[in-house]
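Below are the chains, spelled out letter by letter.
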Amino acid sequence: MARDIFKSDRFFRKLLQLGSDFAHEDLERLCLRGPEKKLRFARYLQPALSAVCLGLHRHLIERGVAPDYVLGHSLGEITSLGASGTVSCEDAVIISAKRGELMDAAALKCNGAMMAVLFVPVETVEKLIEEINVDGKMVLANDNAPNQVVLSGEIDILEAFAARIAQDKLGRCRRLLVAGPWHSNCMTEARVAFEEWAKQYIFRDAHTPVILNGTGREEADGAEIKHRITWQLTRPVYWRECMERCKQLDVDTLIEI
């Protein structure tokens, strides 16, 4: 990941070093050599990925490619804080690292995972969640596209859901290679701690509006963005709504970093 800019880009190296210092891990070595299994842990993956994305974003800006809106899926929303000027790029990497640290700690306290559900309408998924769920142990974590959503929660409930999908021949389910049940009730402790820790940061009003995961609407007010970002750890990512909002705003070009 980002091998071509590791050696030549001072700004990028500064961001990566910040992440490495916070995570107590050589993120350059981990990105280039792995092991991949270790890189999946949020405390390493999130600062590394944020540094890479913001480093590449700077290259685009220097070449005159400036966005009208920014948005990102889950962790990508933290990266968008740096891209929108809500916080500095350096602070965005540190925020990513702390977010990942807290998420990993919360994941250790539950037997959870995430599972993609393919080719099943979201309305059908929501109905089955109501039928199968026990004590809120499984939730809709991502509404990504008309034919793809992601569930998050305890493994036994996810397996029961997958068995029901297979039995009724409704679609396909696939476990995701992630370290925990993100965007679920298992992250409540992490959300509370993240909200408290983030009080030290001032979120400025964005110079480029951020289309938020939790609302599918653009936002520039720094205080509102901060509130939504911290609460997002236990809330679904409404990515399909974000994409629909882009269309409503007459966005005709998407650049993915």
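Everything numeric in this text was worked out from a predicted model, so none of it was measured.

1. With respect to the sheet that holds strand β4 (residues 172-175)
The strand order across the open sheet built from 4 strands is β2-β3-β1-β4, with neighbouring strands paired in antiparallel fashion. Both outer strands of the open sheet, β2 (138-145) and β4, are each paired with one neighbouring strand and no more. Across the sheet, the mean angle from the axis of one strand to that of its neighbour is 25 degrees, orientation sign disregarded. Relative to strand β3 (residues 148-154), strand β1 (residues 112-118) runs antiparallel, the two sharing 7 bridges. Its bridge partner lying in β3, Met114 is registered against Ser152.

2. What about the packing of aromatic side chains?
The full count for this structure, using the stated rule, is 3 aromatic pairs. Ring geometry for Phe6 versus Phe12: centroids 5.2 Å apart, planes at 75 degrees, classification edge-to-face. Like Phe12, Phe6 is buried. Three or more aromatic residues joined by ring pairs make a cluster, and in this case those are Phe194, Trp197 and Tyr201. Its end group placed over the ring of Phe11, Arg58 keeps NZ or CZ at 4.2 Å from the ring centre.

3. Things to note about unusual backbone geometry
Residues Gly34 and Pro35 are joined by a peptide bond in cis, for which omega reads 10 degrees. Among the secondary structure elements, Pro35 is positioned in the loop between α3 (27-33) and α4 (36-39). Phi angles above zero are rare outside glycine, and Ser74 is one such case at about 60 degrees. For Ser74, a relative accessible area of 14% translates into the label buried. Its identity is not glycine, yet Asp250 carries a phi of approximately 65 degrees, on the positive side. Tracing the backbone shows Asp250 in the segment after α12 (239-248). You can call Asp250 exposed: its relative accessible area is 65%.

What counts and what doesn't
Residues numbered from 1 in each chain as written. Predicted model: local features only at pLDDT ≥ 70, side-chain atom pairs only at ≥ 80, totals over all residues. Heavy atoms only, no water. Pairing = 2+ DSSP bridges. Helix = DSSP H or I, 4+ residues; strand = E, 2+ residues; numbered from the N terminus. Axes fitted to C-alpha atoms, helices over the stretch in contact; angles between N-to-C directions. Phe/Tyr/Trp six-rings, centres within 6.5 Å; stacked < 30°, edge-to-face > 60°. Buried < 20%, exposed > 50% of the residue type's maximum accessible area, 1.4 Å probe, protein only. Lys NZ or Arg CZ within 6 Å of the ring centre and 35° of its normal.

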